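# Structural overview
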Amino acid sequence: MADLRTNLAGITSPNPFWLASAPPTNSGYQVQRAFEAGWGGAVWKTLGDPILNVSSRYAAVHFNGQRVAGFNNIELITDRPLEVNLKEIYETKKKFPNHAVVASLMVEPNQEAWHEIVKKTEAAGVDGLELNFGCPHGMAERGMGSASGQVPELVEKQTFWAKEAAETPVIVKLTPNITDITATAEAAVRGGADAVSMINTINSLAGVDINTWLPIPHVGGKGAHGGYCGPAVKPIALNMVSECARNSRINVPISGMGGVSNWQNAIEFMLMGASNVQICTAAMHHGFRIVEDLIDGLSSYLDERGILSVQDIIGKSVPTFSDWGNLDLNHKVVARINNDVCINCNKCHIACEDTSHQCIDMLNDPNGHAILQVREEDCVGCNLCSIVCPVDGAIDMIEVQNDLPQMTWNERQSLIGSLKDIKISK
């Protein structure tokens, strides 16, 4: 079997699957159960001054028959005393010395406060620290969480303060509630971060009850924005991980999270630069035993390809991720319909006719049977027909060779600029 051991900035674990800092890591009992089930590491629910939570606090978005396509919460950091958490961290690490135990921390932007909690937490035997600059609700109103995480200067300064006192690796957890996550990732690196993790939850309101007119969830008739996570946020998270992975100024490992629900998702994140993945919503939905499927799926994937270590796939897709201006304008792809498989539901025709490029014709074959056919000369290769098609194999997107040379928008603009210069010089 392939070697699943991972190393994130010196923090090792038997596999890349960590539980994220969240309700599943609220206590030693839970984290130890998770390790017994097979999880490689856990980031303890954020430590700081204990808070009071509200009731109720969770909501979910169900879509097209799928339960928990998205998950929303207004829960805050730990509501248990710091000393209790530290005692359980010590006991957990002693019982599971080979598993990664990382403590998530959050205090006000104060040098002394950071020094104090770092020293206390490291004394409990943690393998590393994760600075929570991402929580978008409750704590942000107190000047912590995303209120700090949205300001690069505060990210850099607080990372530096933590690093002044830390003897273990420091991971900085970033908020996605910002225009450009690379700005705060770069700030974390300037502050001395050993790694960054992303993404924390996204500002959200799960819904409104159209019968009572109350927000979902609500607390005594009032609601507030919360943090959104789960499968629905994976594309956003994957993009942010990719943007940081291809940024040469963010030259530290990345711990990826945000909608990782199965082993395929984990591979996607690792191919795009994540050294490991953190998971929360999937564990809350299905329980700790899902890690068995995660491990089996990843192991089989690597074995089938003859890949000896999971670390060999980290970042392999990063070179393929670029800016739009570097894409070949002359690359040609068209749709082709396999009428032996097509069920003539006409969804592709409707989608193309109403909302795309009107290049699918409704015809009859020699036997008089209705068929659909793409006019390839008019097809722009948008993929819409294959996306809405309900039958696998009915529509293929085919690369078509042409005589045009590769030409990106950036190259085209450069060429136009050169021609203008020549014209002016004449």
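Please refer to the structure placed before this passage.
Residues numbered from 1 in each chain as written. Predicted model: local features only at pLDDT ≥ 70, side-chain atom pairs only at ≥ 80, totals over all residues. Heavy atoms only, no water.

## Here we look at the overall build of the chain
Regarding its fold elements, the chain presents 13 helices and 20 strands. With the principal axes as the frame, the chain shows a C-alpha extent of 80 × 65 × 50 Å. When burial is assessed residue by residue, the chain has 48% of its 426 residues classed as buried. Summarising the internal contacts of the chain: among those between residues at least 6 apart in sequence, 72% fall at separations of at least 24. For the chain, the exposed surface amounts to about 20,800 Å²; the carbon and sulfur share of it is 52%. Put simply, the chain has 32 plus and 47 minus side-chain charges, and the middle of one group is 4 Å from the middle of the other. (Helix = DSSP H or I, 4+ residues; strand = E, 2+ residues; numbered from the N terminus. Buried < 20%, exposed > 50% of the residue type's maximum accessible area, 1.4 Å probe, protein only. Contact = heavy atoms within 4.5 Å. Areas by Shrake-Rupley, 256 points an atom, 1.4 Å probe, with all protein chains shown as cover. Lys, Arg positive; Asp, Glu negative; His and termini not counted. Charge placed at Lys NZ, Arg CZ, Asp CG, Glu CD.)

## With respect to unusual backbone geometry
The omega torsion across Met198 and Ile199 is 5°, close enough to zero to call that bond cis. Notably, Trp213 is not glycine yet its phi reads approximately 70°, a positive angle. With respect to the helices and strands, Trp213 occurs in the loop between strand 12 (207–208) and strand 13 (215–216). With a phi angle near 50°, Gln358 is a residue other than glycine that sits in the positive phi range. Among the structural elements, Gln358 can be located in the loop between helix 11 (347–355) and strand 18 (360–364). We classify Gln358 as partly exposed; its relative accessible area is 35%.

## A short note on the sheet that holds strand 10 (residues 195–198)
Read around the barrel, eight strands follow the order 3-4-7-8-9-10-15-16 and close on themselves; strand pairing throughout is parallel. Going from strand to strand, the sheet's axes swing by 25° on average, the running direction of each strand aside. Helix 1 (residues 28–37) contacts strand 3 (17–19), strand 4 (41–47) and strand 7 (100–105) of the sheet and is inclined by roughly 165° relative to strand 4. (Pairing = 2+ DSSP bridges. Axes fitted to C-alpha atoms, helices over the stretch in contact; angles between N-to-C directions.)

## Observations regarding the packing of helix 6 (residues 181–190) against helix 7 (residues 234–245)
The contact between helix 6 and helix 7 brings their axes to 10 Å, and the two run at 50°. On the basis of their axis angle, the class for helix 6 and helix 7 is oblique. Where helix 6 crosses over helix 7, the handedness of that crossing is right-handed. Across the interface between the two elements, Ile181, Thr182 and Ala185 from helix 6 touch Met240, Glu243 and Cys244 from helix 7. Of the residues assigned to the contact of helix 6 with helix 7, the class counts are four nonpolar, one polar and one charged. (Parallel < 35°, antiparallel > 145°, perpendicular 65-115°, else oblique. Left-handed = near helix turned anticlockwise from the far one by under 90°. Nonpolar A, V, L, I, M, F, W, Y, C, P; charged D, E, K, R; others polar.)

## With respect to the packing of helix 5 (residues 152–165) against helix 6
Helix 6 packs onto helix 5 with a crossing angle of 25° between their chain directions and a minimal axis gap of 7 Å. By the criterion of interaxial angle, the relationship of helix 5 to helix 6 is roughly parallel. Every pair of crossing elements has a handedness; the one defined by helix 5 and helix 6 is right-handed. The segment helix 5 lies against helix 6, with Pro152, Val155, Glu156 and Thr159 engaging Ala183, Thr184, Ala187, Ala188 and Arg190. Along the lines of polarity and charge, the residues of the contact of helix 5 with helix 6 split into five nonpolar, two polar and two charged.

## Considering the sheet that holds strand 11 (residues 202–204)
One open sheet holds the four strands; their spatial order is 5-6-14-11, and the pairing between them is antiparallel. Two strands close off the open sheet at either side, each with one partner strand: strand 5 (58–63) and strand 11. Adjacent strand axes in the sheet meet at a mean angle of 45° when their direction is disregarded.

## Side note on the pattern of salt bridges
Tallying each qualifying case throughout the model produces 19 salt bridges. Here Glu36 makes a salt bridge to Lys95, at a shortest N to O gap of 3.9 Å. In this pair, Glu36 sits in helix 1 while Lys95 sits in helix 2 (residues 82–95), placing the two residues 59 residues apart along the sequence. Judged by relative accessible area, Lys95 falls into the partly exposed class, the value being 48%. Its salt-bridge partner being Arg80, residue Glu88 comes within 2.9 Å of it at the nearest N-O pair. Residues joined by salt bridges that share partners form a network here, namely Lys45, Arg57 and Glu75. (Salt bridge = Lys/Arg side-chain N within 4 Å of Asp/Glu carboxyl O.)

## What to know about the state of the cysteines
For the coordinates displayed, the defined rule picks out zero disulfides. Cys342 takes part in no disulfide bond, and the closest cysteine sulfur to it belongs to Cys348, at a distance of 6.1 Å. Judged by relative accessible area, Cys342 falls into the buried class, the value being 17%. You can see Cys345 has no disulfide; the closest cysteine sulfur is in Cys389, sitting 6.0 Å from it. (Disulfide = S-S within 2.5 Å.)

## Let's talk about the nonpolar core
Within the largest apolar cluster, 78 residues are counted, with the highest numbers of intra-cluster contacts made by Phe17, Trp39, Leu47, Trp114, Val172, Val196 and Met198. Per element, the largest residue contribution to this core is seven residues, and it comes from helix 10 (residues 290–304). Non-local contacts of Trp39, meaning those with residues more than four positions away in its chain, are made with Asn15, Phe17, Trp18, Leu19, Ala34, His99, Ile279, Ala283, Phe288, Ile290, Val291 and Leu294. Grouped together as the second largest cluster of nonpolar side chains are 14 residues, Leu372, Val374, Cys385 and Ala394 included. (Core = buried A, V, L, I, M, F, W, Y, C linked by side-chain atoms within 4.5 Å.)

## Considerations on the packing of aromatic side chains
Throughout the structure, instances matching the rule amount to four aromatic pairs. Ring geometry for Trp114 and Phe133: centres 6.0 Å apart, planes at 75°, overall edge-to-face. Here Trp114 is found in helix 3 (residues 111–122), whereas its partner Phe133 is found in strand 8 (residues 128–133), with 19 residues between them in sequence. (Phe/Tyr/Trp six-rings, centres within 6.5 Å; stacked < 30°, edge-to-face > 60°.)

## Details of helix 8 (residues 263–271)
Those residues of helix 8 that fall on the buried side of the exposure criterion are Asn265, Ala266, Ile267, Phe269 and Met270. For helix 8, the elements touching its buried residues are strand 3, helix 7, strand 15 (254–257), strand 16 (274–279) and helix 10. Once helix 8 finishes, Gly273 follows within two positions and takes phi at roughly 115°, a positive value.

## Re the environment of Ser317
Take Ser317: it is sitting in the loop between helix 10 and strand 17 (333–337). Once the C-alpha coordinates of Ser317 and Ser204 are considered, the two residues, 113 residues apart in sequence, prove to be 30 Å apart.

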